[in-house]
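Take a look at the letters that make up each chain.
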Amino acid sequence: MAFNSKHLFQKKSHQQILDRLEENEHSGGSMNKVLTVRDLTALGIAAIVGAGIFSTVGKACFDGGPGVIFLFIITPIVCAFSALCYAEFASRVPISGSAYTYSYVAFGELTAWIIGWALIMEYAIGNVVVAISWSSNLKTLLQNLGMNIPDYLSMSFFEVKSGNTEFMRLTESHGTITPDLTAYHNLWVNAPHLGSIPIILNFPALVITFLITWLAFVGIKESRTGSNLMVAFKLLVVIAVIAIGFFHIKPANWVPFLPNGMGGVMKGVSAVFFAYIGFDAISTTAEECKNPQRDLPKGMMYSLIACTILYILLALVLTGMTKYTNLNTESFLANAFNSIGMYWLGGIIALSAVVATTSVMLVFQLGQPRIWMSMSRDGLLPPAFKRVHPKFKTPSFATIVTGLLVGIPAMIMDSNFVTDLTSIGTLFAFILVCGGILVLNKDKSGPQPKFKVPYINGRFLLPLLFIAIIVIFQYASPGTLSNFFNLNGIAKAENISYSDAFVERIPYFVFLIICSLMLVFSILRKLSLIPVLGVLSCCYLMTQLAVVNWAWFAIWLLIGLAIYFGYGVKHSNLRKLNA
């Protein structure tokens, strides 16, 4: 079949999706429809609460101080814009695949492949972070029980290597060396060696990944039951932590409230945003919902609202109990209570952290195989990935592959690095979902969804919003806007070269171009304000991530494009259908 570039932008129709659902029902490839609103909300809370409260938020509090609560307000607002767009798509397209399937309908096959490939990175690397955090929490729990796992069997190779490199750099420059860097150096030197390479592997992260993969393999009903029980337990603990911690707040710890300014607050974008990406995983379970068009939108919004309230309260309590500078540890929550002598509660928190991160891993391990499955059904991946187990009714081969892709890297990867990569992939997915709603708003041919993003005309509101933001910036931080393009000043202030200063500003330049385009199109075409704000807010959060993450993300996309043009283009079902 001759290649035609038009095939790259072919879109799925709503009828083709409905036909696929019916075909799956008749062929025995359908999934068990058991999930309700309560289950979906619990799955969302399972991912959102555990991924942040017990793993990444300590670093965000360290960077932003008590003022990090502003980030906990900004981030869920951004997620809410995207969640509303997800909800409309879920109502239009009640099939597994999340943003991948939605992009197939709105933009066509090439864009769908790109977003599917980005989602694979989101779920796989995201679970690497959580697996590493689970291992750290298990270690804290065992230490409270008087047991220890050797460091060289419970820490990740590249995390220790990075710490040792920083130790050596500071030693040579006579800089200040923190205790954790000393510990990394000692482990690097004293661990068992294979030749010149130290043997440092995070085996607990590997073990939990394989156990969770097994649970995801044996069925959605079993996974749902396990997730609901874990969510109930950790919510009780989090509420107890907030209630007890409230009585140990020292207002002096809230001063200064913004020790590093808003710049310090925004440094926590990847950590806090990582905590909120769980609602995305809900959309991958569409085929296992009893009523996806009604229940998915509710499940997403309920979980976002509940978790935002918990995060804000916990951040205030945590930064009030102890100085924000003490929170830059993986077991920060248990350590905060240990620091005030409440070791019994520290032990319970450590147990809850193990349970919470287990539930997060379960949600993510449910999500990724269903992305593989959807891409395989479309012919873009080998047929093995769409195989549904005859007994358990789960994507069997895809689930096993997911376990391997998470478990092995979790033994060696640095969690800080992969957290940023997860966030940039997720933000990219959110941008395309919000953009997809703008595209579909013009299409009146398909069936009308049961849920639609409320239409607010952005022709006048968006320009007014831009003006208000510029005025606020100029008033709150005089000179910020005028100094933005002063690359020489930036280079001198940050002690970097002019070219490095320019490279650091590239994401901002891209953001300004996108803002200008959105402003013009909103005025000319009366674009809906909510999806436009979803696109722009996600783009802005992407500018807060280091340029190196953009580079790695680009490399990941290039690898994906090589696979698509090497395999997907030739085997695409849609291409064959329309040939």
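In case you missed it, the structure is sitting above this.
What you see is a predicted model; the values in this text were computed from it and never measured. (Residues numbered from 1 in each chain as written. Predicted model: local features only at pLDDT ≥ 70, side-chain atom pairs only at ≥ 80, totals over all residues. Heavy atoms only, no water.)

## Let's talk about the packing of aromatic side chains
Working step 1: This model, assessed by the stated rule, comprises 14 aromatic pairs.
Working step 2: For the pair Phe 157 and Trp 188, a centre-to-centre distance of 5.3 Å together with 50° between the ring planes defines the contact as tilted. Here the residue Phe 157 occupies a position in helix 6 (residues 157-173), and Trp 188 occupies one in helix 7 (residues 179-190), the gap between them amounting to 31 residues. Summarising the burial analysis for this pair, Phe 157 and Trp 188 share the class buried.
Working step 3: The interplanar angle of 85° and the centroid separation of 5.5 Å between the aromatic rings of Phe 246 and Phe 247 together place this pair among those described as edge-to-face.
Working step 4: Assessed through its relative accessible area of 53%, Phe 246 is described here as exposed.
Working step 5: The rings of Trp 113, Trp 117, Trp 556, Tyr 564 and Phe 565 are connected pair by pair, giving a single aromatic cluster.
Working step 6: One Lys or Arg, Arg 505, reaches over the ring of Tyr 508 and ends 5.1 Å from the middle of that ring. (Phe/Tyr/Trp six-rings, centres within 6.5 Å; stacked < 30°, edge-to-face > 60°. Helix = DSSP H or I, 4+ residues; strand = E, 2+ residues; numbered from the N terminus. Buried < 20%, exposed > 50% of the residue type's maximum accessible area, 1.4 Å probe, protein only. Lys NZ or Arg CZ within 6 Å of the ring centre and 35° of its normal.)

## Comments concerning the pattern of salt bridges
Working step 1: If you walk through the whole model with that rule in mind, you get 3 salt bridges.
Working step 2: A salt bridge links Lys 139 to Asp 151; its shortest N-O distance comes to 2.1 Å. Here Lys 139, found in helix 5 (residues 109-144), pairs with Asp 151, found in the loop between helix 5 and helix 6; they are 12 residues apart in sequence, far enough to count as distant.
Working step 3: Judged by its relative accessible area of 13%, Lys 139 is buried.
Working step 4: Looking at Asp 151, the relative accessible area reads 36%, which means it is partly exposed. (Salt bridge = Lys/Arg side-chain N within 4 Å of Asp/Glu carboxyl O.)

## Focus: the side chain of Ser 154
Working step 1: Tracing the backbone through its elements, the reader meets Ser 154 in the loop between helix 5 and helix 6.
Working step 2: Here Ser 154 falls in the buried class, since its relative accessible area comes to 6%.
Working step 3: Those residues in contact with Ser 154, other than ones at most four positions away along the chain, are Ser 135, Lys 139, Ile 149, Leu 201, Asn 202 and Pro 204. (Contact = heavy atoms within 4.5 Å.)

## With respect to the packing of helix 5 against helix 15 (residues 343-377)
Working step 1: Closest axis-to-axis distance for the helix 5/helix 15 pair is 8 Å, and the angle between their directions is 160°. For the element pair helix 5 / helix 15, the angle class is roughly antiparallel. Classified by chirality, the crossing of helix 15 by helix 5 is left-handed.
Working step 2: Of the residues assigned to the contact of helix 5 with helix 15, the class counts are 21 nonpolar, 14 polar and no charged. (Axes fitted to C-alpha atoms, helices over the stretch in contact; angles between N-to-C directions. Parallel < 35°, antiparallel > 145°, perpendicular 65-115°, else oblique. Left-handed = near helix turned anticlockwise from the far one by under 90°. Nonpolar A, V, L, I, M, F, W, Y, C, P; charged D, E, K, R; others polar.)

## Let's talk about helix 3 (residues 69-92)
It helps to recall that an α-helix has 3.6 residues per turn; residues three or four apart then point in one direction.
Working step 1: With 24 residues, helix 3 should cover 34 Å at 1.5 Å per step; its first-to-last C-alpha distance of 35 Å lies within 8% of that length.
Working step 2: Of all the 24 residues making up helix 3, 20 are buried; the element is thus mostly covered by neighbouring parts of the structure. (Expected span 1.5 Å × (residues − 1).)

## A short note on the nonpolar core
Working step 1: In terms of nonpolar packing, the biggest core is built from 150 residues, with Phe 72, Tyr 86, Tyr 100 and Tyr 276 touching the most fellow members.
Working step 2: Ranked by residues supplied to this core, first place goes to helix 5 with 21 residues.
Working step 3: Apart from residues no more than four positions distant in its own chain, Tyr 100 is found in contact with Ala 112, Trp 113, Ile 115, Gly 116, Leu 119, Ser 374, Met 375, Asp 378 and Leu 380.
Working step 4: In this structure, Val 160, Leu 181, Leu 187 and Ala 191 belong to the second largest nonpolar core, which totals 11 residues. (Core = buried A, V, L, I, M, F, W, Y, C linked by side-chain atoms within 4.5 Å.)

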